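Residues per chain are reported as follows:
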Amino acid sequence: MFGDMMGMMGKLKETRAKVEATKKRLDTVSLDEKSADGSVSVTITANREIKSIEIEDALLKDKEQLEDYLVITLNKAISRATEVQEAELAAVAKEGMPNIPGMDSLFK
């Protein structure tokens, strides 16, 4: 029993290290999102850090429309980044979990 507990503790440490490595790797994963007409482009990392925003000159004349486009495009980008991050971290966590009956349904 004690050996099993030590093995599980080692597995948890290993999983924690893999999670941290995955978080660092996600800083290098870039996602691009554009507004429906392509006039606003956003690049964001999978850790939800905005790297760049590009705006077509025509939008600079209409402050209200620009604000709307930015909100919509940024929210889409953040949502995509969150999905990627959650999927990657869940995969690492699932890999490190002990085989407990019924637990696999938590990561689907």
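Our subject is the structure listed above.
A brief report on the enclosed structure follows. (Residues numbered from 1 in each chain as written. Predicted model: local features only at pLDDT ≥ 70, side-chain atom pairs only at ≥ 80, totals over all residues. Heavy atoms only, no water.)

**Details of the pairing of strand β3 (residues 50–55)**
Note the cut-off: For two strands to count as paired, DSSP must find a minimum of two bridges between them. Working definition: helices are DSSP H or I runs of at least four residues, strands are E runs of at least two. Numbering for both runs from the N terminus.
Two strands pair when backbone bridges link them, and strand β2 (residues 40–45) and β3 are joined in this way by 5 bridges, in the antiparallel orientation. What sits directly across from V42, in β3, is I53. If you look at the hairpin formed by β2 and β3, you'll find 4 residues sitting between the two strands, and R48 has a positive phi there, around 65°.

**Remarks on the nonpolar core**
Our working rule: For the purposes of this section, nonpolar cores are sets of buried Ala, Val, Leu, Ile, Met, Phe, Trp, Tyr and Cys residues that join through side-chain atoms within 4.5 Å. Three labels apply to residues, based on accessible area from a 1.4 Å probe with only protein chains included: buried if under 20% of the type maximum, exposed if over 50%, partly exposed otherwise in between. Between two residues, a contact is recorded if the distance between any of their heavy atoms is within 4.5 Å.
Formed by L31, V40, V42, I44, L59, L66, L70, L74, A77 and A81, the largest nonpolar core amounts to 10 residues. Listed by contribution, the elements that provide at least two residues to this core are β2 and α2 (63–96). Looking at this core element by element, the count peaks at 5 residues for α2. Look past the residues within four positions of A77 in its chain and what remains in contact with it is E33, V42 and I44.

**Brief notes about a nonpolar patch on the surface**
Filter applied, for reference: Patches here are clusters of residues that have more than 30% relative accessible area and form no salt bridge, with a 9 Å joining cutoff for like charges and a 5 Å cutoff for nonpolar side chains (Val, Leu, Ile, Met, Phe, Trp, Tyr). Only the protein chains shown count as cover for residues, with accessible areas throughout obtained via the Shrake-Rupley method and a probe of 1.4 Å. The term salt bridge refers to a pairing of a side-chain nitrogen on Lys or Arg with a carboxyl oxygen on Asp or Glu at a separation within 4 Å.
Taken together, the side chains of I50, I53, I55 and L60 present a nonpolar region at the surface, about 330 Å² in accessible area. You can see I55 is positioned in strand β3.

**Regarding the pattern of salt bridges**
Scanning the entire structure with this criterion turns up 7 salt bridges. Across the pair K18 and E14 runs a salt bridge, and its minimum N-O distance is 3.5 Å. Taken together, the positions of K18 and E14, both in helix α1 (residues 2–26) and 4 residues apart, correspond to about one turn of that helix. Judged by relative accessible area, which is 32%, K18 ranks as partly exposed. The class for E14 is partly exposed, based on a relative accessible area of 41%. One salt bridge in this structure joins E67 and K63, with 2.5 Å as the shortest N-O distance. Of this pair, E67 and K63 both sit in helix α2, 4 residues apart, roughly one helical turn. K63 gets classed as exposed once you look at its relative accessible area, which sits at 59%.

**Looking at unusual backbone geometry**
Of note, R48 is a non-glycine position whose phi angle comes to about 65°, a positive value. Among the secondary structure elements, R48 is positioned in the loop between β2 and β3. Taking relative accessible area as the criterion, R48 reaches 38% and is therefore assigned partly exposed.

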